[in-house]
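# Report on the structure
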Amino acid sequence: MTVLALCTAAAFAVAAPAAPQKPDSTYLPTLGDTARGDLSPVVERKLGEEIMRDIRRDRDYLDDEPILEYLNNFGNALVSAAPGARGETNSDFYFFAVRDAALNAFALPGGFIGAHSGLIIAAQTESELAGVMSHEIGHVSQRHIARMLGQQKQDVLLPLASMILAALAAKASSDAAMGVLMGGQGLAIQRQLNFSRDAEREADRVGFQIMGAGGYDTTGMVAFFRRLQSASKLYGELPVGLSSLSSHPLTQERIVDMQARIRELPRKQRVDSLDFHLVRARVRVLQDPSEQGRREARTAFETQLKDAHRQQQAGAQYGLAYLALKQGDLAGAQGWLDKARATMKPREGVFTTTSNVGDGASMFAGLALEIKMASGQPPAVLQQAVAEAEQARQRFPLSRAIAHQYAEVLIASGKLDDAARFLRDQAQQYREEPKLHDMLAKTYAKQGKIALQHMALAESYVLAGALPAAVDQLNLARKASDVSFYDQSVIDARERELQARQKAEKEEEKER
Ligand SMILES: [Zn+2]
């Protein structure tokens, strides 16, 4: 799953026949052929969701709203920029980050793309990050994973999911993780987890078109490749996948390929978004929560402060603010945040518009709220947070991170009716966010509304794909002492619906 060189997919046992190469001149040509015996898109998505359920529960999943918001805005903008990037199956994409210092990114079945924290920190420009992400998008759009897996029956999906997870764990880190992985089989599986050379080249080529269409500097891809190469020379102890990079002739070959493509294109200059620098700082703080990790983050920020670029300075100041918050130094956090904002303050005579996407404004507002919401703040500060959250909500209506924070502030300040109203309304608009139902359940719990609490939790489980757990919650709701006649009928109807869905899924399995 190493970036560009050994991206993960899963293939063991069933290898799809080699795909024919098509000429480069075709725009995002499709090598995958759904009729040819690939994993079906529906099954592929289910497999991806199965894996994601486990990843989301993993403590190394970076469940951090600003990071997730940035990655998904960034990744989906890339996907939308190039016609055909969604591939013939018109995939939906979801981008996320995991805590791991190795320079890696990987594509999972079904359009889920993960980036290691180490990779996000190592990317020096947004174009470099775009290069890696576009390459992974390329694997998805060309259906490389589906082709590797071939036709699998539904009943192998669970073992398949756990094997991919085990391989991810093994690749990500140490020998310790390797031990967990089914003894000697581990290595054998790992070898089969890599895409073929042709697939890698195709992902390079398609990724290149995607990042170009997205307006990024295509030399970023080569720059990052180079960084990977030198990283693998500098450190002997790099992750399993990377260590083979230096001995891999593919890399040099692919760099040459890419340089040839770059020469054909006009060079694009691009100014990075401030959000990119702020997110990197956040990732750096979250990557290693140990004492030593925090010290290293501080040193890195202090070095970065000396950088001549304003964005780099503001990123370092934001990072120091977030670090101080994590260490309970609230005054220090506020001080550094103020400095970061001052650094980016529009200078006189410089034309600026208010709050552009990516200009850091929503992330600054979000961190200010985090600081005010931290434990140890006096009640007056919480009241200030309510006013600030309302302003932020109006100023950044599209930010999911701010919307969630707004709800948290309402709950924390005891405005429970407002919170419930807001969250119910949000859940209607954003039907795929389990978190809204979790917060709604928390609100109802605080209000002592037991039946509604369990009904909200049921919806959260439905969205997480855990139907039996959802039905359990409905039963708890039915038994609650405060269940109303109206709730009863809602619960009954919902239960019938979920049972029908479960039944349909079981029959689907039999048919396959
Ligand atoms: Zn790859």
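Residues numbered from 1 in each chain as written. Predicted model: local features only at pLDDT ≥ 70, side-chain atom pairs only at ≥ 80, totals over all residues. Heavy atoms only, no water.

## Some details on the overall build of the chain
Helix and strand counts for the chain stand at 24 helices and three strands. In the chain, which comprises 512 residues, the proportion classed as buried is 51%. When contacts within the chain are restricted to residue pairs at least 6 apart in sequence, those whose partners lie at least 24 apart make up 70%. For the chain, the accessible surface area stands at approximately 23,500 Å², while carbon and sulfur atoms represent 53% of it. (Helix = DSSP H or I, 4+ residues; strand = E, 2+ residues; numbered from the N terminus. Buried < 20%, exposed > 50% of the residue type's maximum accessible area, 1.4 Å probe, protein only. Contact = heavy atoms within 4.5 Å. Areas by Shrake-Rupley, 256 points an atom, 1.4 Å probe, with all protein chains shown as cover.)

## Concerning the sheet that holds strand E3 (residues 112-116)
Spatial ordering of the open sheet is given by E1-E3-E2, a layout of three strands whose pairing is mixed. The sheet is open, and its two borders are formed by strand E1 (94-98) and strand E2 (105-108), each paired with just one other strand. Sheet twist, expressed as the average angle between the axes of neighbouring strands with direction ignored, equals 25 degrees. Here E2 runs beside E3; their pairing, made up of four bridges, is antiparallel. Its bridge partner being in E3, Ala107 is matched across the sheet by Ile113. Across the sheet, helix H1 (residues 41-57) is in contact with E1, E2 and E3; its angle to E1 comes to roughly 30 degrees. Against the sheet, helix H4 (residues 126-141) engages E1, E2 and E3, with an angle of about 20 degrees to E2. (Pairing = 2+ DSSP bridges. Axes fitted to C-alpha atoms, helices over the stretch in contact; angles between N-to-C directions.)

## Describing the packing of aromatic side chains
Per the counting criterion, the structure on display carries nine aromatic pairs. Arranged with centres 6.0 Å apart and planes meeting at 10 degrees, the rings of Phe93 and Phe95 form a pair that is stacked. The buried category is assigned to Phe93, whose relative accessible area is 8%. Each ring, one from Tyr94 and one from Phe96, has its centre 6.3 Å from the other, and the planes form 20 degrees; the classification is stacked. With respect to burial, Tyr94 and Phe96 carry one shared label: buried. (Phe/Tyr/Trp six-rings, centres within 6.5 Å; stacked < 30°, edge-to-face > 60°.)

## Considerations on unusual backbone geometry
Phi is positive for Arg143, which is not a glycine, with a value near 55 degrees. When you line up the elements, Arg143 lands in the loop between H4 and helix H5 (144-149). Among the residues examined, Arg143 registers a relative accessible area of 2% and is labelled buried.

## Some thoughts on the pattern of salt bridges
Enumeration over the complete set of coordinates arrives at 18 salt bridges. A salt bridge links Arg400 to Glu433, with the nearest nitrogen and oxygen atoms 2.8 Å apart. One end of the pair, Arg400, is in helix H19 (residues 400-412); the other, Glu433, is in the loop between helix H20 (416-429) and helix H21 (434-447), with 33 residues separating them in the sequence. Each member of the pair Arg400 and Glu433 is classed as buried. Between Asp492 and Arg478 there is a salt bridge, and its shortest N-O distance comes to 2.9 Å. Note that Asp492 is positioned in helix H24 (residues 485-511) and Arg478 in helix H23 (residues 467-479), a separation of 14 residues in sequence. On the basis of relative accessibility, which here comes to 24%, the residue Arg478 falls in the partly exposed class. (Salt bridge = Lys/Arg side-chain N within 4 Å of Asp/Glu carboxyl O.)

## Notes on the nonpolar core
Core analysis: the largest hydrophobic core is formed by 93 residues, its most contacted members being Ile55, Phe96, Leu108, Leu129 and Met133. Examining the composition of this core, we find that nine residues originate from one element, helix H15 (residues 310-326), more than from any other. Formed by 21 residues, the second largest nonpolar core is a distinct cluster that contains Ala385, Ala407, Ile411 and Ala441. (Core = buried A, V, L, I, M, F, W, Y, C linked by side-chain atoms within 4.5 Å.)

## Side note on empty space enclosed by the protein
Unfilled space is identified by rolling a water-sized probe across the atoms. Following the criterion strictly, the structure yields one cavity of 30 Å³ or more and no others. Empty space within the largest cavity amounts to approximately 50 Å³. Lining the largest cavity are Ile121, His277, Arg280, Ala281, Arg284, Phe301, Gln304 and Gly315. Residue assignment for the lining of the largest cavity shows that the elements contributing at least two residues are helix H13 (274-287) and helix H14 (291-305). If you tally residues by element for the lining of the largest cavity, the top one is H13, at four residues. Partitioning the lining of the largest cavity into residue classes produces three nonpolar, three polar and two charged. (1 Å grid on protein atoms, 1.4 Å probe; cavity = no way out; pocket = protein on both sides within 12 Å on 5 of 7 lines; lining within 4 Å. Points joined across faces, edges and corners; volume = space filled by probe spheres on them. Nonpolar A, V, L, I, M, F, W, Y, C, P; charged D, E, K, R; others polar.)

Any functional reading would require information that these geometric values do not contain.
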